[in-house]
Amino acid sequence: MPKTAAPLQYKRVLVKVSGEAMMGSNPFGIDETTIAAIAKDLTDAVDAGGEICCVVGGGNIFRGISLATHGMNRTAADHIGMLATVMNGLALHAAIEANGKHARVMSAIPMQSVCEAFSRDKAIYHMKKGRVVIFVAGIGNPYFTTDTTAVLRAAEMDCHAVIKATQVDGVYSADPKKDPTAKRYDTLTYQEALEKHLKVMDATAIALARDAHMPLIVCKITQEGGITGVLNGTAKFSVVTDA
């Protein structure tokens, strides 16, 4: 397999892929070209020597929180959202396999005929074998976002960092697409992210990352080099850490 010339700064990482990222330019659903590019990005990182797992969102199919605010029972809404992440996970799995690589989908809600049930030991085994592990159905309980799920799974997997792949190349003081004066941060602390209300992840996820001393890396999902560039430090990204 081809290996990157640059040494890896991070070897085992969890990549948070939002449901919105899978839409591409579409208003909803899954864009085949976009999900194929994400799949290649993940498997290229494996080829570079990384051990990769990911958490997928479901916002392109169903947004539980928004519907809960319109009267739907929050628990029911969150359970529907979890099932949306299963659909996205299966689609990403298919895209990875179509690229000639291997992946495993592991669900926090047991569904044996569809995918594997979550197991820490099995997940680590799969990563060490060069398979991308895709975590779906959140943690199996309502009231927990996929941001929180991502940090929790990363801590369980002894990951070196959580990578949040977004539409921008780092953390900004405001939306750079709307505010050209927005300040970009190369590095910042968990406390700064919380106090400044920066949209890195939700507050619970940031607090959990702080307690676990888990670096949070924000990068642009479409940048050249992708996840591999984060692993070897050649890509443009922001890091939220202790210091």
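Above this text you will find the structure in question.
Undergrad: Any chance you could break down the overall build of the chain for me, citing the residues and the numbers?
TA: Of the regular secondary structure elements, the chain holds eight helices and 11 strands. Computed over C-alpha atoms, the radius of gyration of the chain comes to 17 Å, within 12% of the 18 Å expected from 2.2 N^0.38 for 243 residues, which places it in the range of a compact globule. By principal-axis analysis of the C-alpha atoms, the chain measures approximately 50 × 45 × 35 Å. Out of the 243 residues in the chain, the part that is buried amounts to 50%. As displayed, the chain offers around 11,400 Å² of accessible surface, 55% of which is attributable to carbon and sulfur atoms. Mean positive and mean negative side-chain charge positions of the chain (25 and 24 charges, respectively) differ by 2 Å.

Undergrad: I'd like a rundown of the pattern of salt bridges, residues and numbers included.
TA: For the coordinates displayed, the defined rule picks out 14 salt bridges. Here Arg-12 makes a salt bridge to Glu-51, at a shortest N to O gap of 2.8 Å. On the criterion of sequence distance, the pair formed by Arg-12 in strand β1 (residues 12–17) and Glu-51 in strand β2 (residues 51–56) is long-range, its members being 39 residues apart. Note on Glu-51: relative accessible area 13%, which makes it buried.

Undergrad: Lay out the sheet that holds strand β5 (residues 132–136) in plain terms, naming residues and giving numbers.
TA: The mixed open sheet is built from nine strands, whose spatial order is β4-β3-β5-β2-β1-β6-β10-β11-β9. Both outer strands of the open sheet, β4 (116–117) and β9 (187–189), are each paired with one neighbouring strand and no more. Bridge analysis of β1 against β2 gives six bridges, and the strand direction is parallel. Directly across from Val-13, in β2, lies its bridge partner Ile-52. Against the sheet, helix α5 (residues 146–156) engages β1, β2, β5, β6 (161–166) and β10 (216–220), with an angle of about 170 degrees to β1.

Undergrad: Can you tell me about a nonpolar patch on the surface, naming the residues and giving the values?
TA: Residues Ile-30, Ile-61 and Met-87 make up a contiguous nonpolar surface patch of roughly 240 Å² in combined accessible area. Relative to the helices and strands, Met-87 resides in helix α3 (residues 74–98). On the basis of relative accessibility, which here comes to 45%, the residue Met-87 falls in the partly exposed class.

Undergrad: Residue-level account of the packing of aromatic side chains, with values.
TA: Taken as a whole and assessed by the stated rule, the structure comprises one aromatic pair. Judged by centre distance (5.6 Å) and plane angle (70 degrees), the ring pair of Phe-118 and Phe-135 falls under edge-to-face. Highlighted residues: Phe-118 in the loop between β4 and α4 (120–128) and Phe-135 in strand β5, separated in sequence by 17 residues. A relative accessible area of 23% places Phe-118 in the partly exposed class. The ring of Phe-118 has Arg-153 sitting right over it, with the charged end atom 3.7 Å from the ring centre.

Undergrad: Any chance you could break down the side chain of Asp-169 for me, citing the residues and the numbers?
TA: By secondary structure assignment, the location of Asp-169 is in the loop between β6 and β7 (171–172). Under the relative-accessibility criterion, Asp-169 is labelled buried at 17%. A distance of 2.7 Å separates a polar atom in the side chain of Asp-169 from a polar atom in the side chain of Tyr-172. Engagement of the side chain of Asp-169 in a polar contact is seen with the side chain of Lys-236, the distance being 3.3 Å. Beyond its immediate sequence surroundings of up to four residues, Asp-169 is in contact with Arg-184, Val-218, Cys-219, Lys-220, Lys-236, Phe-237 and Ser-238.

Undergrad: Lay out the pairing of β1 with the relevant residues and their values.
TA: Extensive coverage of β1 is indicated by the burial of six of its six residues. Here β1 shows a buried face lined by Arg-12, Leu-14 and Lys-16 and a second buried face lined by Val-13, Val-15 and Val-17. A crossover links β1 with its parallel partner β2, the connecting element being helix α1 (residues 32–47), and its sense is right-handed. By the bridge criterion, five bridges tie β1 to β6 in an arrangement that is parallel. Note that in β6 the partner of Leu-14 across the bridge is Val-162.

The rules behind each value
Residues numbered from 1 in each chain as written. Predicted model: local features only at pLDDT ≥ 70, side-chain atom pairs only at ≥ 80, totals over all residues. Heavy atoms only, no water. Helix = DSSP H or I, 4+ residues; strand = E, 2+ residues; numbered from the N terminus. Rg over C-alpha atoms; globule rule 2.2 N^0.38 Å. Buried < 20%, exposed > 50% of the residue type's maximum accessible area, 1.4 Å probe, protein only. Areas by Shrake-Rupley, 256 points an atom, 1.4 Å probe, with all protein chains shown as cover. Lys, Arg positive; Asp, Glu negative; His and termini not counted. Charge placed at Lys NZ, Arg CZ, Asp CG, Glu CD. Salt bridge = Lys/Arg side-chain N within 4 Å of Asp/Glu carboxyl O. Pairing = 2+ DSSP bridges. Contact = heavy atoms within 4.5 Å. Axes fitted to C-alpha atoms, helices over the stretch in contact; angles between N-to-C directions. Patch = residues over 30% accessible without salt bridge, like charges linked within 9 Å, V, L, I, M, F, W, Y side chains within 5 Å. Phe/Tyr/Trp six-rings, centres within 6.5 Å; stacked < 30°, edge-to-face > 60°. Lys NZ or Arg CZ within 6 Å of the ring centre and 35° of its normal. Polar contact = N/O pair within 3.5 Å; in protein donor to acceptor, adjacent residues only side chain to side chain. Right-handed = clockwise from strand over helix to strand, strands pointing away.

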